[in-house]
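# Coordinates in review
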Amino acid sequence: MLANKPKISSNWFQNTFDSLYPILYAHRTIEAAEAETLFSIQQIRLQRDDRVLDLCCGGGRHIAHLAKESEHVVGLDYSPQLLAIARESLGTGIPLIRGDMRYLPFHEHFDVIMNYFTSFGYFQDQHENQQVVHNMMDALKPDGRFFIDYMNKEWAINNIENETHRTAEGFEVHERRWIESNGSRINKATIINRGGDEIKHIGESVQLYTEDEFSQMLEKGGAVIDAMFGDYSEAGVSPDHSRMIVVGRKA
Ligand SMILES: C[S@@+](CC[C@H](N)C(=O)[O-])C[C@H]1O[C@@H](n2cnc3c(N)ncnc32)[C@H](O)[C@@H]1O
């Protein structure tokens, strides 16, 4: 039974991204990541000898494409289960690191950092989200570049589907989504059942930023923004576009 607005733990991201996650987000495949990766490569003007970090690489679906264009790709993620999936699909040649984006172990090491598909804004303490920007800039070499694909606040608020039921690979998936009353976060609670038995409760909670708020946070963290897009076809950020894609560099 899914409560109306169950409390989402502040550490939700530590339990949510396990081996069920690729089943819940089955449309987010290696194939679907190809066009996104090519767009990011083009925007960032990736060079073959650039050192690239896929920050929050998950199952490595973008790395599968990045590795064709750069010889030095590294993935970092918190989830051991998703890193295992990445290792299986990518083979042994690509370094995959288990780490927390709040504590990145790099200093002026990368030419490029990619951060795909809403892998940001997870922390309820805004200082921690700000710290992630600071860590990214610290991990970049001088003049290093970055690409972040985040969600668009206005679109998310206008298009939220409050409740859905579906099945995925034999699991019954019941999802509730809501915006916090001050508009600051979008939350999702999921219950997964199989054959009438409850398998897992999942929480997700992500900070919502306007274009100005996102820009200010990035600039405060030492970034310069070169372009912002509302989707992967270079549309501008607008209420009609679901994404807020930022291309920038270290100040
Ligand atoms: C929405 S998924 C996106 C994964 C991947 N970028 C993709 O597009 O398939 C978010 C990813 O962030 C990772 N993650 C969550 N919290 C993290 C943290 N504190 N530090 C590093 N990675 C984290 C999750 O394990 C998950 O793989």
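Here's what I pulled together on the structure shown here. (Residues numbered from 1 in each chain as written. Predicted model: local features only at pLDDT ≥ 70, side-chain atom pairs only at ≥ 80, totals over all residues. Heavy atoms only, no water.)

## A few points about the sheet that holds strand β4 (residues 110-115)
Taken in spatial order, the seven strands of this open sheet run β3-β2-β1-β4-β5-β11-β10, and their pairing is mixed. Across the chains shown, the open sheet's two edge strands, defined by having one partner strand only, are β3 (96-98) and β10 (223-229). The mean angle between the axes of side-by-side strands here comes to 20 degrees, regardless of whether they run parallel or antiparallel. Of the strands in this sheet, β2 (72-77) and β3 touch helix α5 (residues 80-90), which is tilted by about 170 degrees from β3. (Pairing = 2+ DSSP bridges. Helix = DSSP H or I, 4+ residues; strand = E, 2+ residues; numbered from the N terminus. Axes fitted to C-alpha atoms, helices over the stretch in contact; angles between N-to-C directions. Contact = heavy atoms within 4.5 Å.)

## So, the site of the ligand
Around the ligand, the surrounding shell holds 21 residues, and the nearest of these are C56, R61, D77, D100 and M101. Within the side chain of R61, a nitrogen or oxygen atom sits 2.6 Å from an oxygen atom of the ligand. Here the ligand loses 97% of its free accessible area of 590 Å² to cover by the protein chains. Class assignment for the residues of the shell around the ligand results in 12 nonpolar, six polar and three charged. (Near = heavy atom within 4 Å. Polar contact = N/O pair within 3.5 Å; in protein donor to acceptor, adjacent residues only side chain to side chain. Areas by Shrake-Rupley, 256 points an atom, 1.4 Å probe, with all protein chains shown as cover. Nonpolar A, V, L, I, M, F, W, Y, C, P; charged D, E, K, R; others polar.)

## Notes on the state of the cysteines
In the structure shown here, the tally under the stated rule is zero disulfides. Residue C56 stays outside any disulfide, its sulfur separated by 8.0 Å from that of C57, the closest cysteine. (Disulfide = S-S within 2.5 Å.)

## Some remarks on helix α3 (residues 30-44)
Compared with an ideal rise of 1.5 Å per residue, which puts 15 residues at 21 Å, α3 spans 20 Å between its outermost C-alpha atoms and is within 8% of the ideal. Every buried residue belonging to α3 is among A33, E36, T37, F39, S40, I41, Q43 and I44, and all of these are buried. Elements in contact with the buried residues of α3: α4 (63-69), β4, β5 (140-151), β10 and β11 (243-250). One or two residues past the end of α3 sits R45, with phi positive at roughly 55 degrees. (Expected span 1.5 Å × (residues − 1). Buried < 20%, exposed > 50% of the residue type's maximum accessible area, 1.4 Å probe, protein only.)

## Describing the packing of aromatic side chains
Scanning the model with the defined rule gives 21 aromatic pairs in all. Plain terms: the ring middles of W12 and Y122 are 4.8 Å apart, the flat faces sit at 65 degrees to each other, and that makes the pair edge-to-face. With W12 in the segment before α1 (13-16) and Y122 in the loop between β4 and α6 (126-139), this pair connects stretches of sequence that are 110 residues apart. Taking the relative accessible area as the measure of exposure, W12 reaches 4% and is therefore buried. Given the relative accessible area of 9%, Y122 is considered buried. Both rings, one in F13 and one in F123, keep their centres 5.0 Å apart while their planes meet at 85 degrees; by these two values the pair is edge-to-face. With F13 in helix α1 and F123 in the loop between β4 and α6, this residue pair connects regions lying 110 residues apart in the sequence. Each member of the aromatic cluster is reached from another via a ring pair, and the members are W12, F13, F17, Y21, Y25, Y78, F117, Y122 and F123. Positioned above the aromatic ring of F117 is the side chain of R28, whose terminal nitrogen or guanidinium carbon lies 3.5 Å from the ring centre. (Phe/Tyr/Trp six-rings, centres within 6.5 Å; stacked < 30°, edge-to-face > 60°. Lys NZ or Arg CZ within 6 Å of the ring centre and 35° of its normal.)

## Notes on unusual backbone geometry
Glycine aside, negative phi is the norm for most residues, and most peptide bonds take the trans geometry. A positive phi is found at E108, a non-glycine position, where the angle reads about 45 degrees. Secondary-structure assignment places E108 in the loop between β3 and β4. A positive phi angle, close to 70 degrees, is found at D143, a residue other than glycine. Note on placement: D143 falls in strand β5.

## A few points about the sheet that holds strand β8 (residues 185-194)
Strand pairing in a sheet relies on backbone hydrogen bonds, with the paired strands running either antiparallel or parallel. If you walk across this open sheet you meet the four strands as β6-β7-β8-β9, and the pairing is antiparallel. Where the open sheet ends on each side, the last strands, each with one partner, are β6 (163-168) and β9 (197-207). Going across the sheet, the axis of each strand differs from the next one's by a mean of 20 degrees, ignoring polarity. Across 10 bridges, β8 lies against β9 in antiparallel orientation. Its bridge partner being in β9, K188 is matched across the sheet by E204.

## Let's talk about the nonpolar core
In terms of nonpolar packing, the biggest core is built from 76 residues, with L55, I113, F146, Y150 and F214 touching the most fellow members. The element contributing the most residues to this core is β5, with six residues. (Core = buried A, V, L, I, M, F, W, Y, C linked by side-chain atoms within 4.5 Å.)

## With respect to the pairing of β6
Here β6 pairs with strand β7 (residues 171-179) via six bridges, running antiparallel. By the bridge assignment for β7, A168 is matched with F171. Hairpin connection from β6 to β7: two residues lie between these consecutive antiparallel strands, with E169 at a positive phi of about 45 degrees.

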